[in-house]
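Read off the chains here:
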Amino acid sequence: MTFARTLDNLFAREVRAGLTRPEQKTLPCRYFYDSVGSALFEAITQLAEYGLTRAEERILKAHSQALTDRLPRNLIVTELGSGSGTKTRAILEKLRRRQIVVYYPIDVSGAALAKCKLELGSLGAVFPLETSYLDGLREVSNRRAAGQPLLILFLGSTIGNFASDAAVDFLLAIRQCLQPGDLLLLGTDLVKPIEKLLAAYDDPTGVTAAFNLNLLARINRDLDADFDLRQFEHLVRYDEEAQRIEMHLKSRVYQIVSIHQADLIVDFVPNETICTEACHKFRLEQIEEMAREAGFCLETRWVDREWPFADNLLRAA
Ligand code: AVJ
């Protein structure tokens, strides 16, 4: 039974759970990343309005030597949600000057992992793991030699997809796979003017709207459903109190949708929404507090000023 097959069942269960919620209907954002979704996300990272990726690229280009100088010898590197790995090149290029690079990219998207292996394969030994973040991390932790240090990369502010308590729980779960002294490089998008955030998630070109709608296309294809994408509209909100961007799909009309593999018939009233993603934004002091609660201490951090974003080097205490 391949990972993809088991996913369908899990996918069906999670879609059913999200669309039968009493208050706000939801869909899990990790299902954005089928091959079309991964390609659309790559396009998002090129958009003028979406400054996150370029901000982190600037940080890694400028500081990967300083980062490498802080790393213990003979470590292995793993990355949660590596995507195509383009940002990681800066770090691995510096690392291979002083050791053989051993890198485990972990991602739910096989398409992204294939690109990552192509992108970074010339820099050392690359072992892609197509699985969930924590299962992959446990796998890597089991494979390392006794006492061999580990660097985990969790870039791009994907931690922002977790609500604040869940983010601490997730970091705690990571901590439990580690040994004291292991390092985590955590990418966090920082709070900034609302109009800048709204433009980043609702670009005038419509790429993010397509990325969002593609989730319904995936459900139609993989779960035998009949969503009419033209009857849904991409909608973005910013919740100032929760410091988060929310992406929604809004129903234009009253409609009934059948999702056969989830054994579900669900109706939508006009203007009702499905929340498909929450992207939390951080203040520097909140990141340090979150890290402390999860058993990490902040070693150092690098901040991009042009598009406020921070890469935080955390040590497992
Ligand atoms: C990959 C989760 C970091 O939150 O900015 C981009 C995903 N969603 N545009 C983000 C995303 C809409 C992205 N992360």
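Attention in this report is confined to the structure presented alongside it. Small disclaimer: the values here were computed from a predicted structure and weren't measured.

Comments concerning the side chain of arginine 144
With respect to the helices and strands, arginine 144 occurs in the loop between α6 (133–143) and β6 (150–154). Those residues within four positions of arginine 144 in sequence are excluded, and the remaining contacts are Ile76, Pro149, Leu150, Cys177, Leu178, Gln179 and Asp182.

Side note on helix α2 (residues 35–44)
Among all positions in α2, only Gly37, Ser38, Leu40 and Ile44 are buried. Projected down its long axis, α2 carries its buried residues within an arc of 165 degrees, all on one side. Buried-residue contacts for α2 involve α9 (207–222).

Remarks on the layout of surface pockets
By volume, the second largest pocket amounts to about 270 Å³. Lining the second largest pocket are 17 residues, and of these Ser164, His280, Phe282, Gln286 and Met290 lie nearest its centre. Broken down by secondary-structure element, the contributors of at least two residues to the lining of the second largest pocket are α7 (164–176) and α10 (284–293). In terms of residue class, the lining of the second largest pocket is built from 7 nonpolar, 4 polar and 6 charged.

Concerning the site of the ligand
The immediate surroundings of the ligand are formed by 15 residues, with Tyr50, Gly156, Asn161, Tyr201 and Glu277 found nearest. Glutamate 277 is positioned with one of its side-chain polar atoms (N or O) 2.7 Å from a nitrogen atom of the ligand. Its free accessible area being 350 Å², the ligand has 96% of it covered by the protein chains. Mapped onto the shell around the ligand, the elements with two or more residues apiece are α2, α9 and β12 (273–280). In terms of residue class, the shell around the ligand is built from 9 nonpolar, 5 polar and 1 charged.

Rules used in this analysis
- Residues numbered from 1 in each chain as written.
- Predicted model: local features only at pLDDT ≥ 70, side-chain atom pairs only at ≥ 80, totals over all residues.
- Heavy atoms only, no water.
- Helix = DSSP H or I, 4+ residues; strand = E, 2+ residues; numbered from the N terminus.
- Contact = heavy atoms within 4.5 Å.
- Buried < 20%, exposed > 50% of the residue type's maximum accessible area, 1.4 Å probe, protein only.
- Arc of directions from axis to C-beta.
- 1 Å grid on protein atoms, 1.4 Å probe; cavity = no way out; pocket = protein on both sides within 12 Å on 5 of 7 lines; lining within 4 Å.
- Points joined across faces, edges and corners; volume = space filled by probe spheres on them.
- Nonpolar A, V, L, I, M, F, W, Y, C, P; charged D, E, K, R; others polar.
- Near = heavy atom within 4 Å.
- Polar contact = N/O pair within 3.5 Å; in protein donor to acceptor, adjacent residues only side chain to side chain.
- Areas by Shrake-Rupley, 256 points an atom, 1.4 Å probe, with all protein chains shown as cover.

By themselves, these observations are geometric and do not establish any function.
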